[in-house]
Amino acid sequence: METARSSERTRTAVERRRRELLEAADRVVLRDGPQASMNAIAAEAGITKPILYRHFGDKGGLYRALAKRHTDALLSALRAALDAPAERRARVEATLDTYLAAIEARPQVYRFLMHPADGAGDTADAAPSAEPGFDVGRHSAPLLRRLGEELGQVIVERVDLGPDSEQMARIWGHGIVGMMHAAGDWWLADRPCSRERLVSSLADLLWGRLAEAGDRDVKGGPGF
């Protein structure tokens, strides 16, 4: 019994420490964006870089942990918008606006998750002691795939798309995420219109088949 309690205390302490390190990493990302480095994160946390590696393995491991942390929060917000007690068109617009509001509120986090750092990785011209930024370009595709799969699951649970509902919902899920990502990336960089105008225009693009599809019975919430 004492051994079990000791193991539980150790596990809790490790989880708490990992959470503290992720919060330190978040602070660096908010400041530096894609240029965030393991050196800077270790310094922010008041530890050495080998200790940071001990918790996350490498920069890719830390990136994945941060991506999961932010993706979980975004998915929770998107689900809340989808399940709000409102008409379908209003919920479509609220879902699009939730995504755009999230990247607008924390643009450095968005750039860290979705854009590789300029000059990331080792190069012949780099100083031997230089710590490159996170090369996140190769990690962002799995993050978008996860968002697409999650949204597809939400759609198949809520919308009756006929005999091929499951496959159609997955296509829509990935297509909508791709649209939000591409349009949001362009909008965040150039701000060519208001967020409200972008939301309305994207909802117009989505609305054709969505306006015609029937709702499935969903316990505890509206259809889509």
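Every chain is numbered independently, its residues counted from 1 as its sequence is written. At least 70 in pLDDT is required for a residue's local features to be given in this predicted model, at least 80 for side-chain atom pairs to be given and counted, and no such filter applies to totals for whole chains, interfaces and linings, which use all residues. Remark: hydrogens and water are excluded; side-chain values derive from all non-hydrogen atoms of the structure.

S.K.: Would you explain the packing of aromatic side chains in this entry?
M.R.: Each aromatic ring pair is characterised by the separation of its centres together with the angle its planes make. Ring pairs are drawn from Phe, Tyr and Trp, using the six-membered ring of Trp, whenever the two centres fall within 6.5 Å, and their geometry is named by plane angle: stacked under 30 degrees, edge-to-face over 60, tilted for the rest. A complete count under the given rule lists 1 aromatic pair for this structure. With centroids separated by 5.6 Å and ring planes inclined at 45 degrees, the aromatic side chains of Tyr63 and Phe112 adopt a geometry described as tilted. On the criterion of sequence distance, the pair formed by Tyr63 in helix 4 (residues 59-82) and Phe112 in helix 6 (residues 107-114) is long-range, its members being 49 residues apart. The criterion for a charge sitting over a ring is simple: Lys NZ or Arg CZ within 6 Å of the ring centre, and within 35 degrees of the ring normal. Over the ring of Trp207 we find Arg89; its NZ or CZ atom is 5.7 Å from the centre of that ring. One cation-aromatic arrangement involves Arg191 over Trp187; the distance from NZ or CZ to the ring centre is 4.7 Å. Here a helix means four or more residues in a row that DSSP labels H or I, a strand means two or more in a row labelled E, and each is numbered from the N terminus.

S.K.: Please clarify how the pattern of salt bridges should be interpreted in this entry.
M.R.: A side chain of one charge can pair with a side chain of the opposite charge if their charged atoms are brought near each other. Whenever a carboxyl oxygen of Asp or Glu lies within 4 Å of a side-chain nitrogen of Lys or Arg, that contact is scored as a salt bridge. Here the structure, examined in full by the defined rule, presents 16 salt bridges. Note that Asp32 is salt-bridged to Arg31, the shortest N-O span being 3.0 Å. A simple rule labels every residue: compare its accessible area, found with a 1.4 Å probe on the protein chains alone, to the largest value its type can have, and call it buried under 20%, exposed over 50%, or partly exposed in between. When its relative accessible area of 25% is taken as the criterion, Asp32 is described as partly exposed. Put simply, Asp204 and Arg89 hold a salt bridge, and the shortest N to O gap is 2.8 Å. Placement of the pair is Asp204 in helix 9 (residues 195-212) and Arg89 in helix 5 (residues 88-105), with a sequence separation of 115 residues. The exposure class assigned to Asp204 is partly exposed, which follows from its relative accessible area of 49%. Arg89 gets classed as partly exposed once you look at its relative accessible area, which sits at 22%.

That's the geometry; what it means functionally is another story.
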